[in-house]
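The chain contents come next:
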Amino acid sequence: MKLWASQTAEAVCFFRALEHRRPEGERALEDGYAHLFLGPAMRASLEAWTRGGRLGGLAESATFGLGPFIVARHRFIDEVLERTLADGGLDRLVLLGTGYDTRPFRFAEALQRGGVEVVEIDHPATGKRRRAVLERHRERFPEIERRVLAVDFEHEDLGERLAAEGLTDAARTFWVWEGVSMYLTRAAVQRTLSTLHDACGAGSHLCLDLWFLVDDPGFSGTVLRTIPGALSFIGEPITFGLHPEDAPVFLEQEGWAVAELADADGLSARYLGGERPSYRACYVVHAKG
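Residues numbered from 1 in each chain as written. Predicted model: local features only at pLDDT ≥ 70, side-chain atom pairs only at ≥ 80, totals over all residues. Heavy atoms only, no water.

(A) A look at the sheet that holds strand β4 (residues 173-177). With mixed pairing, 7 strands are arranged side by side in an open sheet as β3-β2-β1-β4-β5-β7-β6. Where the open sheet ends on each side, the last strands, each with one partner, are β3 (147-150) and β6 (257-262). Strand-to-strand, the axes of this sheet are offset by a mean angle of 20°, without reference to chain direction. Here 5 bridges tie strand β1 (residues 92-96) to strand β2 (residues 117-122), and the two strands are oriented parallel to one another. Bridge pairing links L95 to E120 in β2. Against the sheet, helix α4 (residues 66-87) contacts β1, β4, β5 (205-211), β6 and β7 (282-288), and its axis sits at roughly 15° relative to β7. (Pairing = 2+ DSSP bridges. Helix = DSSP H or I, 4+ residues; strand = E, 2+ residues; numbered from the N terminus. Axes fitted to C-alpha atoms, helices over the stretch in contact; angles between N-to-C directions. Contact = heavy atoms within 4.5 Å.)

Okay, here's the thing in structure tokens:
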């Protein structure tokens, strides 16, 4: 069993915090809570990048668009959630692989107004660190009731756990499955998609991101193909890829119909003014059940 909190979850939080440091009117994402989840090293990096001016911009570009993708991905899912809440067609919000997602607090008013149940599901180690941060800064977060489930995905059956917690009641559910699928096996991704579909009711939504192997023979393509191997050194290797052209059929087999698919170029044009290239090996999907 993994004993430490996810390092990639903190890295994702770093890029959201960095985006929030941009001047108002230039931000693709508003997340005033993200910085609270950063450890000492990440906080120091945040200050260095923020004060670096042009140097900070060069540092961001050195990620080959990963930082901008993380920000745009988050904004894409935020907008789908906003529309769903505005339509009043939601009973439950479930953050699967919660990490340091701040949506329960950023959307607290709309969630409470709509009577939406909030459920957070994550690995025990990451969940423990999340709880510690929330407790340390409890006066800075709005009060909102949340159900928090610690699930060891390697050793527990998600479907059985959802059933045991009464989360298979056909409620209209908004599943957020962000930054997780690429670290699983193909079979595990299929099983999870099927489990989520069977657990919720008609009119449910699923937002997730997916990774694929870029077939560009140039330098940037070569770098993009080496990144999965580099992540192996922190114990979080990328193991599953799915080309965007194959995504609709893949999700349909598990009961999900793709409503929208946004690739790197689309995300950059929509949220980043087309001036900050997004990571080309990833894309985000909104599907309906």
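(B) Up close: unusual backbone geometry. A positive phi angle, near 65°, is found at A170, a position not held by glycine. Secondary-structure assignment places A170 in the loop between α8 (158-164) and β4.

(C) Spatial organisation of the pattern of salt bridges. According to the stated counting rule, one finds 26 salt bridges in the structure shown. A salt bridge links D78 to R103; the nearest nitrogen and oxygen atoms lie 2.7 Å apart. Of this pair, D78 sits in helix α4 while R103 sits in helix α5 (residues 103-106); the two residues are 25 residues apart in sequence, bridging distant segments of the chain. The same class applies to D78 and to R103, which are both buried. Close ionic contact of R92 with D169 constitutes a salt bridge, the shortest N to O distance being 2.9 Å. Of the two residues, R92 sits in strand β1 while D169 sits in the loop between α8 and β4, which places them 77 residues apart along the sequence. Since its relative accessible area comes to 6%, R92 is described here as buried. Shared partners join several salt bridges into a network, and the residues in it are R16, D31, R73, D78, D101, R103, R106, E178 and D209. (Salt bridge = Lys/Arg side-chain N within 4 Å of Asp/Glu carboxyl O. Buried < 20%, exposed > 50% of the residue type's maximum accessible area, 1.4 Å probe, protein only.)

(D) Geometry of the side chain of H286. Positionally, H286 belongs in strand β7. Engagement of the side chain of H286 in a polar contact is seen with the side chain of H205, the distance being 2.9 Å. Apart from the residues within four sequence positions on either side, H286 is in contact with F76, V80, H205, L206, C207, A257, V258, A259 and E260. (Polar contact = N/O pair within 3.5 Å; in protein donor to acceptor, adjacent residues only side chain to side chain.)

(E) Quick look at empty space enclosed by the protein. Per the stated rule, a full pass over the model turns up 1 cavity of 30 Å³ or more. Lining the largest cavity are 13 residues, and of these E120, G127, R131, V148 and L149 lie nearest its centre. At the level of secondary structure, the elements contributing two or more residues to the lining of the largest cavity comprise β2, α7 (124-136) and β3. Here the lining of the largest cavity gets 4 residues from one element, more than from any other, and that element is α7. A breakdown of the residues in the lining of the largest cavity according to their chemical character gives 5 nonpolar, 3 polar and 5 charged. (1 Å grid on protein atoms, 1.4 Å probe; cavity = no way out; pocket = protein on both sides within 12 Å on 5 of 7 lines; lining within 4 Å. Points joined across faces, edges and corners; volume = space filled by probe spheres on them. Nonpolar A, V, L, I, M, F, W, Y, C, P; charged D, E, K, R; others polar.)

(F) How the structure looks around the packing of aromatic side chains. Applying the stated rule across the entire model yields 10 aromatic pairs. Relative to F250, the ring of F240 has its centre 5.7 Å away and its plane inclined at 35°; by these criteria the two rings are tilted. Remark: F250 occurs in helix α11 (residues 247-252) and F240 occurs in the loop between α10 (219-231) and α11; sequence separation between them is 10 residues. By the burial criterion, F240 is buried, and F250 matches it. Joined through ring pairs, the aromatic side chains of Y33, F37, Y100, F105 and F141 make up one cluster. (Phe/Tyr/Trp six-rings, centres within 6.5 Å; stacked < 30°, edge-to-face > 60°.)

(G) Molecular detail of α7. For α7, which comprises 13 residues, the first-to-last C-alpha distance of 18 Å matches the rise-based estimate of 18 Å (1.5 Å per residue) to within 8%. When we look at burial in α7, the residues that qualify are A125, T126, G127, R130, V133 and L134. Lining the buried residues of α7 we find α5 and β2. (Expected span 1.5 Å × (residues − 1).)

Purely geometric numbers; function is a separate question.
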